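Here's the letter readout for the chains.
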Amino acid sequence: MSEQLTLQDYVAQAAAKVEGALREAVPALWDVPPKLREAMDYSLRAGGKRLRPVLVMAAAEAVRGQEKDAEASLSIACAIELVHTYSLIHDDLPAMDDDDFRRGKPTNHKVFGEAMAILAGDALLTHAFYLVTEGQKHGIDPGVLLSVSSDLARYAGAAGMVGGQAADIMGEQGLTSASELEYIHLHKTSDLIVFSVTAGAKVGGADGKQLDALALYGRNLGLAFQIQDDILDLIGDEAKLGKKTKSDVEQGKVTYPYLIGLDESRSLVEKLTLGAKEAVREAGLASPSRLLGIADYLMRRDH
Ligand SMILES: CC(C)=CCC/C(C)=C/COP(=O)(O)OP(=O)(O)O
Ligand SMILES: C=C(C)CCOP(=O)(O)OP(=O)(O)O
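What counts, and where the lines are drawn
- Residues numbered from 1 in each chain as written.
- Chains lettered and ligands numbered in written order.
- Predicted model: local features only at pLDDT ≥ 70, side-chain atom pairs only at ≥ 80, totals over all residues.
- Heavy atoms only, no water.
- UniProt positions renumbered as here; feature names shortened; annotations may be inferred.
- Helix = DSSP H or I, 4+ residues; strand = E, 2+ residues; numbered from the N terminus.
- Rg over C-alpha atoms; globule rule 2.2 N^0.38 Å.
- Buried < 20%, exposed > 50% of the residue type's maximum accessible area, 1.4 Å probe, protein only.
- Contact = heavy atoms within 4.5 Å.
- Lys, Arg positive; Asp, Glu negative; His and termini not counted.
- Charge placed at Lys NZ, Arg CZ, Asp CG, Glu CD.
- Axes fitted to C-alpha atoms, helices over the stretch in contact; angles between N-to-C directions.
- Parallel < 35°, antiparallel > 145°, perpendicular 65-115°, else oblique.
- Left-handed = near helix turned anticlockwise from the far one by under 90°.
- Near = heavy atom within 4 Å.
- Polar contact = N/O pair within 3.5 Å; in protein donor to acceptor, adjacent residues only side chain to side chain.
- Areas by Shrake-Rupley, 256 points an atom, 1.4 Å probe, with all protein chains shown as cover.
- Phe/Tyr/Trp six-rings, centres within 6.5 Å; stacked < 30°, edge-to-face > 60°.
- Lys NZ or Arg CZ within 6 Å of the ring centre and 35° of its normal.
- Salt bridge = Lys/Arg side-chain N within 4 Å of Asp/Glu carboxyl O.
- Core = buried A, V, L, I, M, F, W, Y, C linked by side-chain atoms within 4.5 Å.

Looking at an unreviewed UniProt entry, the protein carries the name Farnesyl diphosphate synthase, with the source organism given as Paenibacillus beijingensis. Quoted verbatim from the Sequence similarities (unreviewed entry) field of the UniProt record, the comment on the protein reads "Belongs to the FPP/GGPP synthase family." Recorded in UniProt for the protein, the comment headed Catalytic activity (unreviewed entry) runs: "isopentenyl diphosphate + (2E)-geranyl diphosphate = (2E,6E)-farnesyl diphosphate + diphosphate".

Draft legend 1. Region of interest: the overall build of the protein. Per the secondary structure count, the protein includes 16 helices and 2 strands. A globule of 303 residues ought to have a C-alpha radius of gyration of about 19 Å, and the protein, at 18 Å, matches this closely. The principal-axis extents of the C-alpha atoms in the protein amount to approximately 50 × 45 × 35 Å. In the protein, which comprises 303 residues, the share counted as buried stands at 56%. Intrachain contacts of the protein at a sequence separation of at least 6 include 73% that bridge at least 24 residues. Separation of charge centres in the protein, based on 32 positive and 44 negative side chains, amounts to 3 Å.

Draft legend 2. Region of interest: the packing of helix H3 (residues 51-64) against helix H5 (residues 74-91). For the pair H3 and H5, the least separation of the axes is 8 Å and the interaxial angle reads 155°. Classed by the angle they form, the pair H3 and H5 counts as roughly antiparallel. Regarding H3 and H5, the two cross each other, and that crossing is right-handed. In contact with Arg-52, Pro-53, Val-56 and Met-57 of H3, H5 contributes Leu-74, Ile-76, Ala-77, Ile-80, Glu-81 and His-84.

Draft legend 3. Quick look at the site of ligand 1. The immediate surroundings of ligand 1 are formed by 15 residues, with Asp-91, Asp-97, Arg-102, Lys-188 and Lys-243 found nearest. In the environment of ligand 1, an oxygen atom lies 3.1 Å from a nitrogen or oxygen atom belonging to the side chain of Asp-91. Here an oxygen atom of ligand 1 and a side-chain polar atom of Lys-243 are 2.6 Å apart. For ligand 1, the protein covers 90% of the area, taking 510 Å² as the surface of the free molecule. Elements supplying a minimum of two residues to the shell around ligand 1: H5, helix H9 (161-171), helix H10 (178-203) and helix H11 (208-235).

Draft legend 4. Region of interest: the site of ligand 2. Every residue lining ligand 2 is accounted for by Gly-48, Lys-49, Arg-52, His-84, Leu-88, Arg-103, Thr-189, Phe-225, Gln-226 and Asp-229. Lys-49 places a polar side-chain atom, nitrogen or oxygen, 2.6 Å from an oxygen atom of ligand 2. A distance of 2.8 Å separates an oxygen atom of ligand 2 from a polar atom in the side chain of Arg-52. Here ligand 2 has 390 Å² of accessible area as a free molecule, and 89% of this is covered by the chains. Listed by contribution, the elements that provide at least two residues to the shell around ligand 2 are H5 and H11.

Draft legend 5. Here's a closer look at the packing of aromatic side chains. Taken as a whole, this structure holds 1 aromatic pair when the rule is applied. With 5.4 Å between their ring centres and 70° between their planes, Tyr-42 and Phe-112 make a pair best called edge-to-face. With a gap of 70 residues between them, Tyr-42 in helix H2 (residues 34-44) and Phe-112 in helix H6 (residues 108-112) connect regions that are remote in the sequence. Residue Tyr-42 shares its accessibility class with Phe-112, and that shared class is buried. Against the face of Phe-225 rests Arg-301, its NZ or CZ located 3.8 Å from the ring centre.

Draft legend 6. Highlighting the pattern of salt bridges. Per the stated rule, a full pass over the model turns up 22 salt bridges. Residue Asp-302 pairs with Lys-240 through a salt bridge whose shortest N-O separation is 3.1 Å. One end of the pair, Asp-302, is in the segment after helix H16 (289-299); the other, Lys-240, is in helix H12 (residues 238-241), and 62 residues separate them in sequence. Residues Glu-278 and Arg-281 are paired through a salt bridge, measuring 3.7 Å at the closest nitrogen-oxygen approach. With Glu-278 and Arg-281 both in helix H15 (residues 262-281) and 3 residues apart, the pair spans about one turn of that helix. For Glu-278, a relative accessible area of 38% translates into the label partly exposed. One network of salt bridges, in which partners are shared, links Glu-19, Arg-50, Glu-81 and Arg-103.

Draft legend 7. How the structure looks around the nonpolar core. If you look at the biggest cluster of nonpolar residues, it comprises 48 residues, and the most contacted ones within it are Met-40, Ile-76, Val-83 and Phe-195. Sorting the residues of this core by element identifies helix H1 (7-25), H2, H3, helix H4 (67-72), H5, helix H7 (114-133), helix H8 (142-156) and H10 as the ones contributing at least two each. Among the elements that line this core, the one with the most residues is H5, at 10 residues. In this structure Val-83 touches Leu-125, Ala-128, Leu-152, Ala-156, Met-161 and Leu-192, once residues within four positions along its chain are discounted. Within the second largest apolar cluster, 32 residues are counted, among which are Leu-51, Val-63, Ala-283 and Leu-298.

This is how it looks when you write it as C-alpha cells:
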C-alpha cells in the first residue's frame, strides 16, 4: 500500500480488505446448520478494530516493502480474526465474564443462547486453521503455512491465549503480584499479537533475527494494548468502546491500574510502546514505518 497514505487511511484500507474477505469466510463454508452459520457471522460481522489482521498484513509488507506480500497474507489475517472473535464470544459467556454487550451489539449468547455461542466459537476456531491452508492459493510456500499453522496452535492454545485466560480466571480468586498479572496479559493478549506479526513476517520471508525482533514488538505491543484496555475499562466511553466499562472493578479483577495506579499504568503503556518501536527499528526491515505508526496509534487509542 502506498507510503503516501496517512496511517489512519492505511489502517482503514487494510481493515476494509479484511472486512471484505471476512464476509466471504463463513458463507463459503460447506453445509452448515443455518443457526450456527448465523451465530458465527453475527460476531464476525459486528466489527471491531481488526487490529490483529491489520498487523499480519503490515508485518508481511514490512519485511521486503512489497505490497504483494500483504495481499498474500490476507487469508492468514482472516484466520487470526476468527480466533480472536471466538475468544471474545467465549470470554463473554456467563461462565467467564458474563457480558451482555460487545462490539456495540448484544453478545452472542444473548442472541443465540449459550450452547450456540459456544459452538459458534468452536467453529470459528476450527475454521481458522482451514483459512491458513488457503494461503496456498495466494502462492505461500507450504513450509511457511505449516510453520504458521503450528504457531497458531501454540499461541492460541493452552500455552498461549487459552492458558492466559485460565490464569486470569484463577487470578480472580486472589492475584497479588505484578508478575502474575504480566503472565496473564502476555498470554491472554500478547500471544495473538505475537502470532500476527510473526506470521505476516514469515509470509514476507523474514529471517530468524527479524522474527525475534517482531516477536518482541508483539510482546510489548500486546502488553501495552491490554493495559490500555484495563485503563479504558476504568475511564473509557461505553459508546465508543462498544462494551460495558467498570466491569473489572465489578468482577474484582486485579488490573494494572488497580495494582500500580492510573498514572503509572499510562507511563508503562508509553514505555512498552517505545520498546516495541525500538525492536522494529532494529529488525532490519525494508519498510518499518507502518508498524511504528500502529504502535503510536494504539498507545493513543480511546476505543
Ligand atoms: C480462550 C479465551 C476465552 C480467551 C479470551 C482472551 C481475551 C483477551 C479476552 C478479553 O479480555 P478482557 O476480558 O480483558 O477484555 P474485554 O474488556 O474486551 O472483555
Ligand atoms: C484483548 C482484548 C483487550 C480484547 C478486546 O480486543 P480488541 O480491543 O482488539 O477488540 P475488537 O476491537 O476486535 O472488538
